[in-house]
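# Report on the structure
Now for the letters of each chain:
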Amino acid sequence: MNHFGLIKMLPCLLLAQVCGAEVTDQTANYKVAEGFKLEKIYDVKKEEGSWVALTEDGKGRLIAADQYGKLYRVTPPPLNGGVSAVEPLDIPVGGAHGLLWHEGTLYIVVNEKAQVHPVQTGVWMVKETANGWEAPVLAKAIKAGGEHGVHSVVLSPDKQWIYLVTGNYGQLPEMQDSFPARVWDEDQLLPRNRDGNGHAANVMAPAGWIARFKPDGSNWQLVTVGNRNTYDIAFHDSGELISYDADMEWDFGMPWYRPTRLNHAVPGAEMGWRNGSGKWPAYYEDSVGAVLDIGPGSPTGLLAGRGFKAPAKYQQAIFVFDWTFATIYAVTLTPNGASFDSDSEEFVAGAGLPLTDGIITKDGTMYFTTGGRRTASALWRVTYVGNEPTAPAPGNFPSHADRDKLAGYTINPATANIDEIWKLLGTEDRMIRFMAKAALERLPEVPWNLKLQAEQDTWRIIIGSMSLARLDAKANRDAALGALDRIDWAKLTTHQKLNWLRAAGLVFIRGGEPNEAEKAKVLAKIDASYPSEERHLNYELARMLSYLQAPGVVARTLDLMDKEPEPEPEPWAELISRNARYGGSISRMMADHPPTAQIHYLYCLRVVKGPWDPAERQRAFGWLRKIDSSKGGNSYSKSVAMIREQLYANGTEEEKRLFASEAKASAANLMANLPKIAGPGRAWTVDEVVKLAEEGLEGRDKKKGEEMYRASLCAACHRFGGQGGAQGPDLSNLTGRFTVRDVAEAIIEPSKVISDQYGFHEITTNDGKTIVGKILEEKDETLILSSNPFDYGQKTEVKRSDIKATKLSEVSPMPAGMINRLNPDELKDLLAYMLGK
């Protein structure tokens, strides 16, 4: 080392810190917005873990969290070069997903069972004094874990509150108050089908949620519900809270697939996620619609641009971090009524950037981390080096009087003015209608049912009926149905018709099935409209008419299916094409896109009881054969199989006899005709696999690699290029996100990291027996599970009354050492195939 290098390293040596390599300019290696510079400032060492959270302390230093381990303090190098200084913090709290520093206190969101400093999951507070760190204090215990637990915390603009976001596996603890009325439910007009692979089958409303609490850890208040797996939140420059929710990639190709999206998280918001096929359509007005649908991906960080030393539009942007597609989007939000329109651009993108979190520090610099799931991790820096002005941009987002007023009424119902709220139910602004409904449902009494009986305004009747149904459908049934019946269906807009159907459906869902008189009134109003010229209206008419067992609904729906045009290209197709390395498997699915409309219609018709005309049932099964031939997400084939089985089960005994051959689709046997392995193998270690790969994987035999993939039973549980099983994660997109070491560890030590999407449960029965398996379905009296990781068709029922305890298994369903039969050449071919070499 030369003397100049020693001088630069000296602060690290004196403080017993670890110094990384010098800063490297990576701008040319990635897609970076014009005028910005991207630098890698630190490669996280293996013993320091994989960093997933960042915050800035009171002295301008960074604090980072290893997903499964310790916390680290980082002193970044100056902008003109140098090295980062890193030191572990003496805080006995590990497994953090989120960090926030505020007025001398570090808030730590613990979600993982850490290998170092394991503690109760939830929110911890640690104060730093001149003498070091005080003992950590648990502000709120929250049962969580896995990738869908408790995640991130942010400070409110007025610095009076701290907001916490969780995924749908973060169990709701006791709250002092709730802005959404505590009347949430599943609200499914038709029986909901669980996920084909059983994911989140036991997760019910309110699902993922956002809460807030005072900086001293007190006064917890529930803010929003109905998220899937929102990993991060941010306050836009307007002061409004924005959240970034995940898709369910296994649903790809199904009509209930919802892309990753930005949501406007107003007080009392319901986002409408429900498990399996139960996700509410975006047009249901008892939920908040998305500000921006992004597409497939894995949401991680969300970052407001205020304080960024950059041109004004970036200071006012929301930065969106996608782990899967290695992209940071800069999203511009433009006020549109009480909510926003949006526009997005790629800010930083490129293979090898599994993005996890980011911050903008007080000096105006953006830092972000890559890593997660024990993958190789790094710390990066983005600075503006262009010629545009970077002075602080003025806040040019005016407040919205009605939005602010309704937010206040929802937060503090004692101040609410019922007449103002009722008036705002009739506005043309959807967000205001929703917020008025949320405020209405927070009132201690329901004096507005009398208002509904005399109301003539269409939106007030529709939204008011929804609220009456949600609060007490049995008591308010006549008032709600009577008001809905007064509406002239022919004069409604399409969107109003959709929500008229939703409002009537809520009355039946929560208040019980309609009697013959109620059924006749609904049919008299809507039956002649089906089919219509509008797809979504047909979706909801089919749902309601099938529920009501309307005469002729089968024939009309089958005719509609025959005339339905091919699915339109997804709006995010360009995203996939720009990231072919990651999106290859999805591209292959899109090349033979499933007929999603027809799937929806069959989903509706499965509840229509027989007898049908034999030709009609034959047409329905013919469509299912076509649907079976298409490709979709991991749960696609099993979800279609459930519709098939239910369509068959609703037939008469004679129909079941006639169509017995259609009861189940023929499934490919992924364990049959396996290629032969030459061997001899060995008990491979991770280091041996890494060393073998270092000899070179380029130019290997792709066909042989595919054969070894099947022969090692990978294809029995994992999809690759659109083919294979669905019991484990799709392995098509390993390149750029995972190193050879990551892949080797996952194969050789599968229990080291177990995703909650794929893990098994361990059930202890009252007589002391232990049953380990994947919970596929939860019924009132029983759990249905499978203990065979290669075939979830082998099922076991366990009575709830026989269960003493249930917990996540710490042993992966994937057997260890699946590659131990392979010789070195065969293993090289397999690795090259999986890693796209």
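The structure we're discussing is the one just above.
Residues numbered from 1 in each chain as written. Predicted model: local features only at pLDDT ≥ 70, side-chain atom pairs only at ≥ 80, totals over all residues. Heavy atoms only, no water.

### Here we look at the packing of aromatic side chains
Stated precisely, the cut-off is as follows: Pairing of aromatic rings covers Phe, Tyr and Trp, the last through its six-membered ring, and needs centres within 6.5 Å; plane angles under 30 degrees mean stacked, over 60 mean edge-to-face, and all others mean tilted. Sitting over a ring, as applied to charges here, requires NZ of Lys or CZ of Arg to be within 6 Å of the ring centre and within 35 degrees of the ring normal.
By the definition in use, this model includes 26 aromatic pairs. Through a chain of ring-to-ring contacts, the aromatic side chains of Phe 36, Phe 308, Tyr 314, Phe 319, Phe 347 and Tyr 384 assemble into a single cluster. Sitting over the face of the ring of Tyr 68, Arg 374 holds its NZ or CZ atom 3.9 Å from the ring centroid. Its end group placed over the ring of Trp 459, Arg 433 keeps NZ or CZ at 3.8 Å from the ring centre.

### A few points about the packing of helix α7 (residues 458-486) against helix α8 (residues 494-511)
So the rule is basically this: Comment: axis = line fitted to C-alpha atoms, over the contacting stretch for helices; angle = value between 0 and 180 degrees taken between N-to-C directions. Each helix is a run of H or I in the DSSP string that is no shorter than four residues. Each strand is a run of E no shorter than two, and both are numbered from the N terminus. Here is the rule for angles: anything less than 35 degrees is roughly parallel, anything more than 145 is roughly antiparallel, 65 through 115 is roughly perpendicular, and the remaining ranges are oblique. Note on residue categories: nonpolar means Ala, Val, Leu, Ile, Met, Phe, Trp, Tyr, Cys or Pro, charged means Asp, Glu, Lys or Arg, and polar means any other residue, Gly included.
Interaxial distance between α7 and α8 falls to 9 Å at its minimum, and their mutual angle equals 5 degrees. Relative to α8, the element α7 is oriented roughly parallel. Looking at the contact of α7 with α8, its residues break down into 14 nonpolar, six polar and five charged.

### Points about the sheet that holds strand β22 (residues 290-295)
Applicable threshold: At least two bridges found by DSSP between two strands is the condition for calling them paired.
What the four strands build is an open sheet, ordered β19-β20-β21-β22; its pairing is antiparallel. Here the strands that pair on one side only, and so sit at the sheet edges, are β19 (232-235) and β22. Each adjacent strand pair in this sheet contributes to an overall mean axis angle of 20 degrees, direction not counted.

### Topic: the side chain of Glu 655
For clarity, the cut-off: Note on contacts: a residue pair is in contact if any heavy atoms of the two residues lie within 4.5 Å.
Inspection of the secondary structure assignment puts Glu 655 in helix α17 (residues 653-658). Excluding anything up to four places from it in sequence, Glu 655 contacts Gly 610, Pro 611, Trp 612 and Arg 617.

### Here's the deal with the sheet that holds strand β35 (residues 796-799)
Pairing within the open sheet is antiparallel, and its five strands lie in the order β35-β34-β33-β32-β36. Sheet topology places β35 and β36 (803-808) at the edges, where each strand pairs with a single neighbour. Mean inter-strand twist for the sheet, computed between neighbouring axes without regard to direction, equals 45 degrees. Note: strand β33 (residues 770-778) against strand β34 (residues 782-786), four bridges, orientation antiparallel.

### Structural notes on the environment of Ala 393
Stated precisely, the cut-off is as follows: The rule is simple: take the accessible area with a 1.4 Å probe, protein chains only, and divide by the maximum for that residue type; under 20% is buried, over 50% is exposed, in between is partly exposed.
Locating Ala 393 in the fold gives a position in the loop between β29 (378-384) and α3 (401-411). On the accessibility criterion, Ala 393 (9% relative accessible area) is buried. Remark: the alpha-carbon pair of Ala 393 and Ile 586, spanning 193 residues in sequence, is separated by 40 Å. Filtering out sequence-adjacent residues up to four positions away, Ala 393 remains in contact with Arg 306, Ala 312, Gln 315 and Gln 316.

These results come straight from atomic positions and should not be treated as a statement about function.
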